[in-house]
Amino acid sequence: MIALAVVAVLDALIDQGLISGDMRLPKAVAAFDGLEPTNTVVAIAVVLVLVGLWLTIAALKPAKFTHTATSGNKSVWISRTALEGSVRDAAGHTRGVSSVGEVSARKSKITVSINTTADTQTVAKAVEAEVVERLRGLSDVKVVVRTRKDSA
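Residues numbered from 1 in each chain as written. Predicted model: local features only at pLDDT ≥ 70, side-chain atom pairs only at ≥ 80, totals over all residues. Heavy atoms only, no water.

## Quick notes on the side chain of Thr-111
- Residue position: Thr-111 is located in strand β4 (residues 109-116).
- A residue is classified by how much of its surface remains accessible, and Thr-111, at 10% relative accessible area, is buried. (Helix = DSSP H or I, 4+ residues; strand = E, 2+ residues; numbered from the N terminus. Buried < 20%, exposed > 50% of the residue type's maximum accessible area, 1.4 Å probe, protein only.)

## Observations concerning the nonpolar core
- Val-87, Val-112, Ile-114, Val-127, Val-131 and Val-145 are the most contacted members of the largest nonpolar core, which totals 18 residues.
- When residues of this core are traced back to their parent elements, those giving at least two are α4 (80-92), β3 (97-105), β4, α5 (120-134) and β5 (142-149).
- Setting aside its immediate chain neighbours within four residues, Val-127 contacts Ala-91, Thr-94, Val-97, Val-112, Ile-114 and Val-145. (Core = buried A, V, L, I, M, F, W, Y, C linked by side-chain atoms within 4.5 Å. Contact = heavy atoms within 4.5 Å.)

## Description of the pattern of salt bridges
- For the structure on display, the rule yields four salt bridges.
- Notably, a salt bridge pairs Asp-22 with Lys-27, separated by 4.0 Å at the nearest N-O pair. Each of the two residues, Asp-22 as well as Lys-27, counts as exposed.
- Two residues, Arg-134 and Asp-89, come together in a salt bridge whose shortest N-O distance is 2.7 Å. With a gap of 45 residues between them, Arg-134 in helix α5 and Asp-89 in helix α4 connect regions that are remote in the sequence.
- When its relative accessible area of 29% is taken as the criterion, Arg-134 is described as partly exposed. (Salt bridge = Lys/Arg side-chain N within 4 Å of Asp/Glu carboxyl O.)

The following block contains the structure:
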């Protein structure tokens, strides 16, 4: 497309008499005049249309969730990684948690997996309260705590 634009500008300058030379576009149009499409040309055109359709869909597809607006100030954003790190830290500092497993922050909920040697329900409630307190002003999404009992 760029090359065609350059040739068109050069031909326009030649046509106006600003530069000298032979015009290229009339010769190119005459060379293609009278040609009929072959099966190969039709196949290539179909492939190009499909590629163009795929690129259009890819361009219009919503972006991946990487940041979220904080609940306190909608003009301040926090990354998903920072949110997960804060949750991991809060869960790790809760009494009764022996280790923190996977932490996952999504648009609508935060999931944290913990291991404990104490009562799982009590520790899960404590972790949920600690995470909610840590995220106050940052996020008000639902917190889900998954627990696993460690052998003592």
